[in-house]
Amino acid sequence: MTMFNSAVGTVESASYSDPFATPTKQDQAEIGKDEFLLLLIEQLKNQDPLEPMDSTDFTAQLAQFSSLEQQTKMNDNLQLLQDYSATLNRLSSLEMIGREVEFDGQGNGSVELSGDGQPVPLKFDLADNAQNVVVKVYNQAGGQVAALDLGYFDPGTQTFNWNGRDTDGSLLPGGSYTYRVSARDEMGQQVQVSVNGRGTVRGVETDPENGNTMLVLENGSKVGIDQVIAVNAG
């Protein structure tokens, strides 16, 4: 940029850094609409009177400022909608306390065993015919307590009533247990299996990291409200 020296009537060269050059990632994260407007004003105040800012560039920068302001307002409105949606989720989840929920177990099912020999349903979904289905049950410490060879099952939602006994046939104590299901077809190829967990809701919390509503189950585990598939009466 060149600057005019009125005292001697000469034009002097001076270095000039365009404040509207493409900002770095750090600049983009820190600059706001107020800072943008201040930079625009400073650019107008310090422009070379012999070479004023091109009107096209000035119009483009004003349009950029307007776009930035609209984007800021849109982000604020989106945040309000997210907060409102989170509030609705927390209010609706309160009705689930004391009820049994079925949720996406992401490969792991869960059941509550009474310890008196009362059978509990182990549910799973098969994508295709399965020549052999195997269910492995684990206690709260993660130790395997039972391996159930169930044989053939058709595709779709299936339920096996487990008698609550370990591999040796001994009755297991009451408590929370998890299970995993694997299946193979007649060619020995793996069949896709989906497993849903079950548990009774005893409380509701908000995840401090992302603000998601979490259901606290009787066994102490937590399930996102977006994972819930079904809610049963208490």
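Note that this is a predicted model, so its numbers are computed, not measured.

The rules behind these values
- Residues numbered from 1 in each chain as written.
- Predicted model: local features only at pLDDT ≥ 70, side-chain atom pairs only at ≥ 80, totals over all residues.
- Heavy atoms only, no water.
- Helix = DSSP H or I, 4+ residues; strand = E, 2+ residues; numbered from the N terminus.
- Buried < 20%, exposed > 50% of the residue type's maximum accessible area, 1.4 Å probe, protein only.
- Contact = heavy atoms within 4.5 Å.
- Areas by Shrake-Rupley, 256 points an atom, 1.4 Å probe, with all protein chains shown as cover.
- Salt bridge = Lys/Arg side-chain N within 4 Å of Asp/Glu carboxyl O.
- Pairing = 2+ DSSP bridges.
- Axes fitted to C-alpha atoms, helices over the stretch in contact; angles between N-to-C directions.
- Polar contact = N/O pair within 3.5 Å; in protein donor to acceptor, adjacent residues only side chain to side chain.
- Phe/Tyr/Trp six-rings, centres within 6.5 Å; stacked < 30°, edge-to-face > 60°.
- Core = buried A, V, L, I, M, F, W, Y, C linked by side-chain atoms within 4.5 Å.

Draft legend 1. The overall build of the chain, seen in detail. The secondary structure content of the chain amounts to three helices and 13 strands. Residue burial in the chain is summarised as follows: out of 234 residues, 26% are buried. For the chain, the share of sequence-separated contacts (at least 6 apart) that also reach a separation of at least 24 residues comes to 63%. Of the roughly 14,900 Å² of accessible surface on the chain, 48% is carried by carbon and sulfur atoms.

Draft legend 2. Representation of the pattern of salt bridges within the structure. This model, assessed by the stated rule, comprises one salt bridge. One salt bridge connects K222 with E205, and the closest N-O pair in it is separated by 2.8 Å. Residue K222 is found in strand 12 (residues 222–224), and its partner E205 is found in strand 10 (residues 193–206); the two are separated by 17 residues along the sequence.

Draft legend 3. Broad picture of the sheet that holds strand 6 (residues 130–138). Spatial ordering of the open sheet is given by 4-9-6-7, a layout of four strands whose pairing is antiparallel. Either end of the sheet is taken by a strand with one partner, and the two such strands are strand 4 (109–113) and strand 7 (144–153). Neighbouring strand axes in the sheet, compared pairwise and without regard to direction, differ in orientation by 25° on average.

Draft legend 4. A look at the pairing of strand 5 (residues 120–126). Alternating positions in strand 5 separate cleanly, V120, L122, F124 and L126 being buried on one face and P121, K123 and D125 remaining unburied on the opposite face. Relative to strand 8 (residues 156–162), strand 5 runs antiparallel, the two sharing seven bridges. Residue pairing in the sheet places V120 in a bridge with W162 of strand 8. Relative to strand 10, strand 5 runs antiparallel, the two being bridged by three bridges. Following the sheet pairing, F124 is matched in strand 10 by V195.

Draft legend 5. Structural view of the side chain of E102. Mapped onto the secondary structure, E102 falls in strand 3 (residues 100–104). In terms of polar contacts, E102 uses its side chain to reach the side chain of N196, at 3.2 Å. Ignoring anything within four residues of it in the chain, the contact list for E102 reads K123, N196, G197, R198, Q227, V228, I229 and A230.

Draft legend 6. Broad picture of the packing of aromatic side chains. Overall, the coordinates contain two aromatic pairs when judged by the stated rule. Taking 6.0 Å as the distance between ring centres and 75° as the angle between the ring planes, the aromatic pair formed by W162 and Y177 counts as edge-to-face. Taken together, the residues W162 in strand 8 and Y177 in strand 9 (residues 175–184) connect sequence positions 15 residues apart.

Draft legend 7. Looking closely at the environment of V193. With respect to the secondary-structure elements, V193 resides in strand 10. Looking at V193, the relative accessible area reads 21%, which means it is partly exposed. Measuring from C-alpha to C-alpha, the distance between V193 and R180 comes to 9.4 Å, with 13 residues separating the pair along the chain. Discounting chain neighbours no more than four positions away, the residues touching V193 are F124, D125, L126, V181, S182 and A183.

Draft legend 8. Summary view of the side chain of S110. Here S110 is to be found in strand 4. In contact with S110, other than residues within four places in its own chain, are F103, Y177, T178, Y179, N196, G197 and R198.

Draft legend 9. The nonpolar core, seen in detail. One finds F124, V133, V135, V137, L148, W162 and Y179 to be the most contacted residues of the largest nonpolar core, which totals 23 residues. Every element with two or more residues in this core is listed here: strand 4, strand 5, strand 6, strand 7 and strand 9. Ignoring any residue separated from it by four or fewer positions in sequence, one finds L148 in contact with L122, V133, V134, V135, V137, F160 and W162. With nine residues, the next largest nonpolar core counts V101, F103, V201 and L217 among its residues.

Draft legend 10. Seen up close, the pairing of strand 9. Where strand 4 meets strand 9, five bridges bridge the pair, whose relative direction is antiparallel. For V111, the partnering residue across the bridge sits in strand 9 and is Y177. In this structure, strand 6 lies alongside strand 9, joined through seven bridges in antiparallel fashion. Bridge pairing in strand 9 links K136 to R180.

Structural measurements only, silent on function.
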